[in-house]
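Residue strings, one per chain:
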Amino acid sequence: MELKIPKHIAIIMDGNGRWAKNKGKIRLEGHRAGAVNLERILEESIKLGVKYLTVYAFSTENWKRPEMEVKGLMELFSGFLSSKKKTLKKQGIKLLVTGSKEGVSDSLLKKIEETEKYLENEEKLIFNIAFNYGGRKEITDAINKILADEKREPGKPITEEEVAKYMYRPDIPDPELVIRTSGEFRISNFLLWEIAYSEFYVTDVYWPDFDEEEYNKAILSFNRRDRRYGGLNAE
């Protein structure tokens, strides 16, 4: 059977900390292993023909974690941008970083901007990192932008189409498949608007161990789904 490859796959990369604990390592070692695995999944995404890959790297709620862990995550992300941008360019990967700028250091914001600029003309894979991201905040920001639009007719009802245009990445199609590793059955404030009709795949495998074989299992599961978008099958 020839597999239908989702155009846009979104991944909640969960389980780094538990992976590290099981191996007697500190949590940050799990995050480092997760970053290495992300490179593997990027390569496999290109091989499979995925056009958009969105990963949940750091949520607006993750600031509540211990200060040393947050600092380590920021340094890890900064190091990833510095050390991997040439590799990403060679692979034809365009980078987008989506989320709030609040709380993020000026130096990291500058590095994000520079890396996005460096990769802006690549088009083999659009790699969207949800960083300092929250789904509720994205929807709230979209509504506030609509209300602040001086060209908009006062009192006019807000439509779904209008909200969609004011989301962070209106040019990216909604994910067809959402993958969550580590066995947790929750959305965790991830792409709340965009995943209204996405298919979900949850695996007990921790993110650092989510290899090419596991990735293909998720896509095979997607191919077995009957996507009706609220309608009925034709009989």
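Further up the page is the structure itself.
Just so it is clear, the model here is predicted, and its values are computed rather than measured.

### A few points about a nonpolar patch on the surface
Then, number 1: On the surface, Ile-143, Leu-147 and Ile-158 cluster together into a nonpolar patch covering about 260 Å² of accessible area.
Then, number 2: Mapped onto the secondary structure, Leu-147 falls in helix H5 (residues 135-148).
Then, number 3: The exposure class of Leu-147 is exposed, given its relative accessible area of 60%.

### Some details on unusual backbone geometry
Then, number 1: At Ser-182, a position not held by glycine, the phi torsion is positive, near 80°.
Then, number 2: Taking the relative accessible area as the measure of exposure, Ser-182 reaches 7% and is therefore buried.
Then, number 3: Positive phi, normally seen in glycine, also occurs at Asn-189, with a value near 65°.
Then, number 4: Relative to the elements of secondary structure, Asn-189 occurs in the loop between strand E5 (177-180) and strand E6 (199-202).
Then, number 5: For Asn-189, a relative accessible area of 15% gives the class buried.

### Focus: H5
Then, number 1: The end-to-end C-alpha distance of H5, which contains 14 residues, comes to 20 Å, matching closely the 20 Å that a straight helix rising 1.5 Å per residue would cover.
Then, number 2: Among all positions of H5, only Gly-135, Glu-138, Asp-141, Ala-142 and Ile-146 are buried. For H5, the angular spread of buried residues about the axis comes to 140°, placing them on one side. Away from its buried face by more than 90 degrees, H5 exposes Arg-136, Leu-147 and Ala-148.
Then, number 3: Looking at the buried positions of H5, the neighbouring elements they touch are strand E4 (125-133) and helix H6 (160-165).

### Examining the sheet that holds strand E1 (residues 8-12)
Then, number 1: If you trace the 6 strands from one edge of the open sheet to the other, you get E3-E4-E2-E1-E5-E6, paired in parallel fashion. The outermost strands of the open sheet, each flanked by one partner alone, are strand E3 (93-98) and E6. Averaged over all neighbouring strand pairs, the angle between strand axes comes to 20°, with direction disregarded.
Then, number 2: Along the sheet, helix H7 (residues 212-223) contacts E1, strand E2 (52-59), E5 and E6; its crossing angle with E5, the most-contacted strand, is approximately 140°.

### With respect to the packing of helix H2 (residues 27-48) against helix H3 (residues 67-91)
Then, number 1: Between H2 and H3, the shortest axis-to-axis distance is 11 Å and the interhelical angle comes to 25°. Relative to H3, H2 is oriented roughly parallel. Here the hand of the crossing between H2 and H3 comes out right-handed. The segment H2 lies against H3, with Arg-27, Leu-28, His-31, Arg-32, Ala-35, Leu-38, Glu-39, Leu-42, Glu-43 and Ile-46 engaging Glu-69, Gly-72, Leu-73, Leu-76, Phe-80, Lys-84, Leu-88 and Gln-91.
Then, number 2: For the contact of H2 with H3, the residue count by class is 9 nonpolar, 3 polar and 6 charged.

### A word on the pairing of E2
Looking along a regular strand, one sees side chains alternate from face to face of the sheet.
Then, number 1: Of all 8 residues making up E2, 7 are buried, and the element is well covered by its neighbours.
Then, number 2: Pairing analysis gives 5 bridges linking E1 to E2, with the strands arranged parallel. If you follow Ile-12 over to E2, its bridge partner there is Tyr-56.
Then, number 3: Examined bridge by bridge, E2 and E4 share 7 bridges and lie parallel to one another. Looking across to E4, one finds that Leu-53 is bridged to Phe-127.

### Regarding the environment of Arg-32
Then, number 1: Mapped onto the fold, Arg-32 is located in helix H2.
Then, number 2: Of the residues examined, Arg-32 reaches a relative accessible area of 37% and is grouped as partly exposed.
Then, number 3: A C-alpha to C-alpha distance of 29 Å links Arg-32 and Ser-198, two positions 166 residues apart in sequence.

### Things to note about the pattern of salt bridges
Then, number 1: Inspection of the entire model under this criterion finds 17 salt bridges.
Then, number 2: Among the ionic pairs, Lys-84 bridges to Glu-39, the shortest N-O distance being 3.3 Å. One end of the pair, Lys-84, is in helix H3; the other, Glu-39, is in helix H2, with 45 residues separating them in the sequence.
Then, number 3: Using a relative accessible area of 25% as the deciding quantity, one classes Glu-39 as partly exposed.
Then, number 4: The closest approach of N and O atoms between Glu-184 and Arg-186, which form a salt bridge, is 3.1 Å.
Then, number 5: Judged by relative accessible area, which is 22%, Glu-184 ranks as partly exposed.
Then, number 6: In the salt-bridge network here, residues are joined through shared partners; they are Asp-14, Arg-18, Arg-180, Glu-184 and Arg-186.

Rules used throughout
- Residues numbered from 1 in each chain as written.
- Predicted model: local features only at pLDDT ≥ 70, side-chain atom pairs only at ≥ 80, totals over all residues.
- Heavy atoms only, no water.
- Patch = residues over 30% accessible without salt bridge, like charges linked within 9 Å, V, L, I, M, F, W, Y side chains within 5 Å.
- Areas by Shrake-Rupley, 256 points an atom, 1.4 Å probe, with all protein chains shown as cover.
- Salt bridge = Lys/Arg side-chain N within 4 Å of Asp/Glu carboxyl O.
- Helix = DSSP H or I, 4+ residues; strand = E, 2+ residues; numbered from the N terminus.
- Buried < 20%, exposed > 50% of the residue type's maximum accessible area, 1.4 Å probe, protein only.
- Expected span 1.5 Å × (residues − 1).
- Arc of directions from axis to C-beta.
- Contact = heavy atoms within 4.5 Å.
- Pairing = 2+ DSSP bridges.
- Axes fitted to C-alpha atoms, helices over the stretch in contact; angles between N-to-C directions.
- Parallel < 35°, antiparallel > 145°, perpendicular 65-115°, else oblique.
- Left-handed = near helix turned anticlockwise from the far one by under 90°.
- Nonpolar A, V, L, I, M, F, W, Y, C, P; charged D, E, K, R; others polar.

In short, geometric facts, not functional conclusions.
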